[in-house]
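Spelled out, the chains give:
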Amino acid sequence: MSDEEHHFESKADAGASKTYPQQAGTIRKNGYIVIKGRPCKVVEVSTSKTGKHGHAKCHFVAIDIFTAKKLEDIVPSSHNCDVPHVNRTDYQLIDISEDGFVSLLTDSGDTKDDLRLPTDDSLLKQIKDGFAEGKDLVVSVMSAMGEEQICALKDIGPK
């Protein structure tokens, strides 16, 4: 046995997977699916009949939950698709910095300062106007596959 210490460079995370497998035939409208490596919400599903080679196929039309781009995919219904773990968390808005980042208050009382303002113009305007008026705002943050983005806004009254 050797007495020297071994140091391993770990490039992995804690092992929590960003996606889970689900049979293509069981994915429904308003569900989530990964297409071309992007987490998407399914807006349309159509299933074709079994053909000469025996596989029914599912045709998915979905919208990227972060960029709102439309993506399509065709998968045999018996095969597995990746489905992203999508979480929505509400945070109270504390501050908006000049460089476009927001400061949010978590449930545990800590601050979260690594999120940018949303790119959606109407939501951006609502957040900036409400904050300028001194309202107490709660933002919904959607997270999937290591990405996070503000997706909704609630006004819980004046400060």
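Here the structure is shown first, and the text comes after it.
Conventions adopted
- Residues numbered from 1 in each chain as written.
- Predicted model: local features only at pLDDT ≥ 70, side-chain atom pairs only at ≥ 80, totals over all residues.
- Heavy atoms only, no water.
- Helix = DSSP H or I, 4+ residues; strand = E, 2+ residues; numbered from the N terminus.
- Contact = heavy atoms within 4.5 Å.
- Pairing = 2+ DSSP bridges.
- Axes fitted to C-alpha atoms, helices over the stretch in contact; angles between N-to-C directions.
- Expected span 1.5 Å × (residues − 1).
- Buried < 20%, exposed > 50% of the residue type's maximum accessible area, 1.4 Å probe, protein only.
- Arc of directions from axis to C-beta.

Looking at the environment of L124
In this structure, L124 sits in helix 1 (residues 121-132). A C-alpha to C-alpha distance of 9.7 Å links L124 and L153, two positions 29 residues apart in sequence. Every residue in contact with L124, bar those within four places of it in the chain, is listed here: L117 and P118.

Here we look at the sheet that holds strand 2 (residues 32-35)
Spatially, four strands are ordered 2-3-4-5 in an open sheet, and the strand pairing comes out antiparallel. Of all strands in the sheet, those with a lone pairing partner are strand 2 and strand 5 (70-76), marking the two edges. With direction set aside, neighbouring strand axes in the sheet form an average angle of 45°. Here strand 3 (residues 38-47) runs beside strand 4 (residues 57-64); their pairing, made up of seven bridges, is antiparallel.

Re helix 1
For helix 1, with twelve residues, the first-to-last C-alpha span of 16 Å sits near the 16 Å given by 1.5 Å per residue. Among the residues of helix 1, those classed as buried are L123, I127 and G130. On an axial view of helix 1, the arc spanned by its buried residues comes to 75°, and they lie on one face. Residues of helix 1 that are exposed and angled more than 90 degrees away from the buried face: D121, K125 and A132. Directly after helix 1, the chain includes G134, whose backbone phi takes a positive value near 80°.

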